[in-house]
Each structure stands twice: as structure tokens, then as C-alpha cells.
Amino acid sequence: VDSGHLCLSGYNEVVMLRRIPEHHKENALKIFNCYQKSDGVLEFDALYGLPHADGEKPPWPKHDMIEECRKMNYYPSVFILKPGQWVHINKGRLHAFRKMSTSQLPENDCHSKIRSDLIAKENLSADVTCVSVAWDWMYRGITCKGIKEEL
């Protein structure tokens, strides 16, 4: 499905890759350390698990992980969604959202510079409650070939 995400207040930090085939998704998740196992059991299934399920989430991407995705031509987008902005997430695009706070991030976090620049530019001194709306829809195509490719 395609998704829309509208930020009403606060800020969302986003990482998103281009639409890639299944085997590249699995490779990207390995780059992002999403295949952590405990006693041989997958702790968090970022590809097929429920997006908001309980459980240990992988760490947020670091600069070197984003660079590795660039080298693989996954065209990573790293940005902050501000109040009033929305993003369309095409079907098949791996993505992650994180509510932004005003705390300082480690230098190797992929949002470290973007966050500190935004905090300075917007003169933020305290966290802003992040409220957003997300919705999904499915485009099925209009021709037999298009429908087959989309489903």
C-alpha cells in the first residue's frame, strides 16, 4: 500500500529508501542491523512484523549505514518532517519514523546535524509534542498489465 503521513505539530525524523526488490530490502535491513537474533529467534521483524508491535527495535541508522545504502543505490532520504508538511511513501519503500526531541544526538546518528541545525534555526528550547496523522491506500492500476504489476 501507499501511505501518507501528515505532521500536525512537533517534528518527525524520517529515513526512507527508494522502492527496491525484496532481496535488496533484506540486504538493506542487514545494513541497518535489523536482523538481531536472541537464541536463534528474530527479535524484531522489520520487513514482515507489525510496524508498531512491542519488542526490541533495532537502533536508529548511523551515518555509515546511510552511506552504505547510497553505495547500493538505495537512494536513502534522511529528513525531518515539520508541522504542516506531509510525505507520500510509495508502496515498497522501507521507511522509519522517530519523534524528534531537543536532546543532543550522538555524532554518528544520521539525524545529528539535521536535528541540531533545526533546533538552532527554529530556536527550540524544549520538546514539542509530536502529533501526526497517517493513512494508507492501494492503487491497483487500470490495465490488466498495470493491475498485475501493482498487486
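Structure shown above.
These figures come from a predicted structure and were not determined experimentally.

Chemist: I'd like a description of the pattern of salt bridges, backed by residues and values.
Modeler: What the rule picks out here adds up to 5 salt bridges. A salt bridge links E13 to R115; the nearest nitrogen and oxygen atoms lie 2.8 Å apart. Placement of the pair is E13 in strand 2 (residues 12-19) and R115 in helix 3 (residues 112-121), with a sequence separation of 102 residues. Residue classification places E13 among the buried residues on the basis of a relative accessible area of 0%. The salt bridge involving R70 is made with E67; its shortest N-O contact spans 3.8 Å. Of this pair, R70 and E67 both sit in helix 2 (residues 63-71), separated by 3 residues, roughly a single helical turn. With relative accessibility at 44%, the residue R70 sits in the partly exposed group.

Chemist: Pulling in residues and values, what's your account of the sheet that holds strand 5 (residues 77-81)?
Modeler: Taken in spatial order, the 3 strands line up as 5-2-7 in an open sheet, and their pairing is antiparallel. Each having just a single partner strand, strand 5 and strand 7 (93-99) make up the two edges of the open sheet. Each neighbouring strand pair of the sheet contributes to a mean axis angle of 20 degrees, computed without reference to strand direction. Note: strand 2 against strand 5, 5 bridges, orientation antiparallel. Bridging from a neighbouring strand, M16 pairs with S77 of strand 5. Running at roughly 25 degrees to strand 5, helix 3 makes contact with strand 2, strand 5 and strand 7 of the sheet.

Conventions we followed
Residues numbered from 1 in each chain as written. Predicted model: local features only at pLDDT ≥ 70, side-chain atom pairs only at ≥ 80, totals over all residues. Heavy atoms only, no water. Salt bridge = Lys/Arg side-chain N within 4 Å of Asp/Glu carboxyl O. Helix = DSSP H or I, 4+ residues; strand = E, 2+ residues; numbered from the N terminus. Buried < 20%, exposed > 50% of the residue type's maximum accessible area, 1.4 Å probe, protein only. Pairing = 2+ DSSP bridges. Axes fitted to C-alpha atoms, helices over the stretch in contact; angles between N-to-C directions. Contact = heavy atoms within 4.5 Å.

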